[in-house]
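Coordinate inspection notes
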Amino acid sequence: MTRPIEVERKRQLADDGEALTRMLDGLGWAPDPAVTEVDTYYSRPDVDYMQTVECLRVRQRGDFAEITYKPPSTEATHSADDVISKPETNVHLMPGNACRAEQLLENIGMRRLVRVEKHRTVYRHRLHRDVTVSVDTVVGVGVFVETEVLSADAGAAARIVSETETRLGVSDCPVVDLPYRDLTLHHASA
């Protein structure tokens, strides 16, 4: 059985996302309840995850917490049109154990890179069950839209990402190929 992978593209919005929210509503996309996610990112002391574009994070969202790892970026994981296709490894944590997970990572020598806070609303459509559209406000950075498809066929999923962006009128917004981790670090040092 082929494991599905996450195929996504992120774009920066020029405004606060209200126009996109109205468009989503008008096209039948329903919002999940808005959430605040706090992600703490780590790197190995001998490998710079900023250079390899790997991801090791502890995510907290209400009572939910998980550790996520995404492998390094390669030509195979990034298409020419900035669609990213990477497998994820997620380990769900018991409620309240995010701080313990962070302490564990630091105890085994992982370096804390940055903490990112974002307010996210995920939209779903009853006719497009494999597609999610997220509107993210990243504290201190800006507002973004991320279109994501979970599929075993990366090529077909990339086409669906493009078609969805076109229908939503965001295909002319600038593509952002850096993770929120990197954007937050850049804004903090500017």
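Parameters at a glance
- Residues numbered from 1 in each chain as written.
- Predicted model: local features only at pLDDT ≥ 70, side-chain atom pairs only at ≥ 80, totals over all residues.
- Heavy atoms only, no water.
- Helix = DSSP H or I, 4+ residues; strand = E, 2+ residues; numbered from the N terminus.
- Contact = heavy atoms within 4.5 Å.
- Polar contact = N/O pair within 3.5 Å; in protein donor to acceptor, adjacent residues only side chain to side chain.
- Buried < 20%, exposed > 50% of the residue type's maximum accessible area, 1.4 Å probe, protein only.
- Pairing = 2+ DSSP bridges.
- Phe/Tyr/Trp six-rings, centres within 6.5 Å; stacked < 30°, edge-to-face > 60°.
- Lys NZ or Arg CZ within 6 Å of the ring centre and 35° of its normal.
- Salt bridge = Lys/Arg side-chain N within 4 Å of Asp/Glu carboxyl O.
- Core = buried A, V, L, I, M, F, W, Y, C linked by side-chain atoms within 4.5 Å.

What to know about the environment of K70
Mapped onto the fold, K70 is located in strand β5 (residues 64-70). Sequence separation of K70 and K86 is 16 residues, and the distance between their C-alpha atoms is 6.7 Å. Setting aside its immediate chain neighbours within four residues, K70 contacts E6, E54, C55, R57, K86, P87 and E88. A distance of 3.5 Å separates polar atoms of two side chains, one belonging to K70 and the other to E6.

Here's the deal with the pairing of strand β1 (residues 5-12)
Judged by how many residues are buried, β1 sits mostly within the fold: seven of eight residues are covered. Sheet topology note: the β1/strand β10 (residues 142-151) ladder contains eight bridges and is antiparallel. For E6, the partnering residue across the bridge sits in β10 and is L150. Sheet topology note: the β1/strand β6 (residues 84-86) ladder contains three bridges and is antiparallel.

Structural notes on the packing of aromatic side chains
Per the stated rule, a full pass over the model turns up one aromatic pair. Note that K10 overlies the ring of Y180, its terminal NZ or CZ placed 4.1 Å from the centroid.

Topic: the pairing of strand β3 (residues 35-43)
For β3, the buried fraction is high: seven of the nine residues fall into the buried class. Alignment of β3 against strand β8 (residues 111-125), held across nine bridges, turns out to be antiparallel. The residue bridging T40 from the neighbouring strand is R115, located in β8. With five bridges joining them, β3 and strand β4 (residues 55-61) adopt antiparallel strand pairing. Of the residues in β4, the one forming a bridge with T40 is V58.

Focus: the pattern of salt bridges
Evaluated as defined, the whole model comprises 17 salt bridges. The residue K118 makes a salt bridge to E37 at a minimum N-O spacing of 3.1 Å. Of this pair, K118 sits in strand β8 while E37 sits in strand β3, and the two are 81 residues apart along the sequence. You'll find K118 and E37 in the same group, each marked buried. A salt bridge links R112 to E106; the shortest N-O distance between them is 3.2 Å.

Some remarks on unusual backbone geometry
Phi angles above zero are rare outside glycine, and V53 is one such case at about 55°. For V53, the position within the fold is in the loop between α2 (49-52) and β4. Here V53 falls in the partly exposed class, since its relative accessible area comes to 25%.

Overview of the nonpolar core
With 19 residues, the main nonpolar core has L13, L20, L24, W29, V133, L168 and V170 as its most contacted residues. Counting only elements with at least two residues in this core, the list comes to β1, α1 (18-26), β9 (128-138), β10 and α4 (154-168). Considering each element in turn, this core owes the most residues, four residues, to α4. Residues in contact with W29, not counting those within four places in the same chain, are L24, Y123, R124, H125, H128, V131, V133, T164 and L168.

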